Structures are given as C-alpha cells and as structure tokens.
Amino acid sequence: MTHGTDGIDSITYGTFGNGGARSAEPEPQYSLKMFGEVVKTFRKRSRLTQEQFAPLVGYSPETVASIEQGRRLPPPDFAERADSVLDAFGVILAAAKHLTRRKGLASWFRQWAELELTALSLYTYECRLIPGLLQTAAYARTLFTDQLPPLADEQIEAQLAARLERQQLLRSRPNTAFTFILEEHLFLRDLGGEEVTRELIDHILALSELRNVDIQIMPLVRHHHAGLHGPMQLLETQDHQWFGYLEGQEHGQFVSDPKVLSALQMRCASMRSQALSLDDSKGLMRRMRGAR
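Everything numeric here is computed off the predicted structure, so don't read it as measured data. (Residues numbered from 1 in each chain as written. Predicted model: local features only at pLDDT ≥ 70, side-chain atom pairs only at ≥ 80, totals over all residues. Heavy atoms only, no water.)

Caption draft 1: Spotlight on the packing of aromatic side chains. Counted by the stated rule, this structure contains six aromatic pairs. Centroid distance Trp 112 to Phe 254: 6.4 Å. Interplanar angle 70°. Geometry classified as edge-to-face. Of this pair, Trp 112 sits in helix α6 (residues 110–116) while Phe 254 sits in strand β8 (residues 252–255), and the two are 142 residues apart along the sequence. With respect to class, Trp 112 is no different from Phe 254; both count as buried. Taken together, a centroid distance of 6.0 Å and an interplanar angle of 35° make the contact between Tyr 123 and Trp 242 tilted. Taken as a pair, Tyr 123 in strand β3 (residues 121–126) and Trp 242 in strand β7 (residues 242–247) lie far apart in primary sequence, 119 residues in all. The exposure class of Trp 242 is partly exposed, given its relative accessible area of 26%. Site record: aromatic cluster; members linked through ring pairs are Trp 112, Phe 243, Tyr 245 and Phe 254. (Phe/Tyr/Trp six-rings, centres within 6.5 Å; stacked < 30°, edge-to-face > 60°. Helix = DSSP H or I, 4+ residues; strand = E, 2+ residues; numbered from the N terminus. Buried < 20%, exposed > 50% of the residue type's maximum accessible area, 1.4 Å probe, protein only.)

Below is the structure:
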C-alpha cells in the first residue's frame, strides 16, 4: 500500500494501466528511453543480440530488453558493465548520470506526478486516509512507520521528504484549482493519536483558506453516496485534456479512456453535491478539533 494516494515508493514495481489496460512495468520516460537507445546502439555496433549480450553483463535478456525500451531503470552496476563489454568509450556511463527518478515516488505514479506540475485543476476523493497533499509530517510518518513490510529509517525519511516536497504544489501553483472530498471518518479514526489528529485538522483548516483549495467533508451518515467504487483522482491539463488516477494496495492505474473518465467525472460531480458545503465542512472540522 502506498499510504497517501501519492504513489510513495513502497514497492519496486506495480501494475500501471493506460485507459484501464495494465502492464507489469511503468510507462517509458524520456531519459530512460534515451539511455536505452544508447545501450541498443552500442550493442548493435558490437553485433550482439540481446540474448548474446545479456549473460555478458550478468542479466537476463528480458531485463536488457526492458532497459533498451526505456521501461525500467538499469540496476546500479549495469551501466559500468555495459560500457566495458561494449567498449562504449564511457558514453553509457555518461548517459546513466542523466537518468531521472523522483526519489521516493513509485515508478507507476511518476507519470501522474509529472502531469500535476502543470495541471489546471485536480480533484481528489479519498475514503481510506487523508490524501498526501494534505498530510502533516506527523501523520505521514505514522503511515510510513506502520507500513508492512516494515521500512528502514532511511526509506521512511526519503518517502517523507518526497511527500513534503510534493505538497508545495498547493502554494506554488496558485492558478491550479485543488478540490478535495474527504470522508468524515478519516478524522474520527485518530490515526497517530489525538495530538496528531488535532494538528492535522488545524493544518487542513489552514489550507482550506487558500483561494485555490476547496475541501469538502462527506458526512458519516449519508443515505446516497456516489463514491462507493473507491478513491479517485481527476486532473485537467493545460490543453484541457482529462486524466484519472486510481490507486489500490499494490498498484496504481492511470486512466485516459474517455468513457471511464466520463463515469469518474459524473461520480465526482455527484459527490460534490452530496458532501457538506465548504463553510459547513470547515464548521464540522472545527467541532471535531474542539472535541479533542
């Protein structure tokens, strides 16, 4: 589980779909594809097939194929071995230095994270836990500390740093409209204890005062609810394209299928009418804060 709807890297690879279809590896990134092309060019220059080249660098042909296609980061020693085997004059080693990976973010979440950086609007509905963009450091640390399998201290710190960095979006993108619909029970759980919850509510109330941030609470008792399919995120790009992101325990699914997006948009619009108004949501949070 990624704990926070922002794809923090708790596993090496998850499933990542495009319009509902899933694959075992993340979508290609530009720097990965460029590195793969460099390796492939020198391999072909040496007149080696992937099957011949793979044992020379100590990896399977499948791994070599994934690297050359730009679908996975090379293992730490791959570039050095490949450069030596292919007599690449240090070019492969140099190319490896330009590989980009946002530390702490799961591979299958990075495409969404890149789109967030320039989005016009972002809609989030969450029923499991407070979304990553709204978490305090104490709340996030509780999630990482409780994670199973357990994380090492350095993993916790790297993931916490990635989460706090991503939260800067709320203030660094004042022209991006952020809308959150949160279930009331997320606050009633007291995750991390009363003090953590008190700080969390204060933090979210402060964020709700930003002009570009709308936060609505879905009350505990609601006879009609359009969000029973689970959490979701919707995003509008600068050129007015829409995408969605759905997250499960061990995978994330990127959605671009217009039919699926239409259904998600209808559900989101319905939930916004079913949730408390902005002012009533603030009032409820203040009452929950006062009860602690």
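Caption draft 2: Local environment of the packing of helix α11 (residues 194–207) against helix α13 (residues 278–290). Their axes nearest at 10 Å, the elements α11 and α13 cross at an angle of 155°. Taken together, the axis directions place α11 and α13 in an arrangement best described as roughly antiparallel. Read as a crossing pair, α11 and α13 show a hand that is left-handed. Counted together, Arg 198, Ile 201, Asp 202, Ile 204 and Leu 205 of α11 and Lys 282, Met 285, Arg 286, Met 288 and Arg 289 of α13 form the full contact between these two elements. Tallied by class, residues from the contact of α11 with α13 come to five nonpolar, no polar and five charged. (Axes fitted to C-alpha atoms, helices over the stretch in contact; angles between N-to-C directions. Parallel < 35°, antiparallel > 145°, perpendicular 65-115°, else oblique. Left-handed = near helix turned anticlockwise from the far one by under 90°. Contact = heavy atoms within 4.5 Å. Nonpolar A, V, L, I, M, F, W, Y, C, P; charged D, E, K, R; others polar.)

Caption draft 3: A look at the nonpolar core. One finds Ile 130, Leu 134, Phe 180, Leu 182, Phe 187 and Met 285 to be the most contacted residues of the largest nonpolar core, which totals 34 residues. No other element matches the six residues that α11 contributes to this core. With 19 residues, the next largest nonpolar core counts Val 39, Leu 48, Ile 67 and Ala 95 among its residues. (Core = buried A, V, L, I, M, F, W, Y, C linked by side-chain atoms within 4.5 Å.)

Caption draft 4: Summary view of empty space enclosed by the protein. Scanning the entire structure with this criterion turns up two cavities of 30 Å³ or more. Within this model, the second largest cavity holds a volume of roughly 30 Å³. Lining the second largest cavity, in full, are Trp 112, Glu 116, Leu 122, Tyr 123, Thr 124, Leu 133, Phe 178, Gln 233 and Leu 234. Broken down by element, the lining of the second largest cavity gets its largest block of residues, three residues, from β3. The class makeup of the residues in the lining of the second largest cavity is six nonpolar, two polar and one charged. (1 Å grid on protein atoms, 1.4 Å probe; cavity = no way out; pocket = protein on both sides within 12 Å on 5 of 7 lines; lining within 4 Å. Points joined across faces, edges and corners; volume = space filled by probe spheres on them.)

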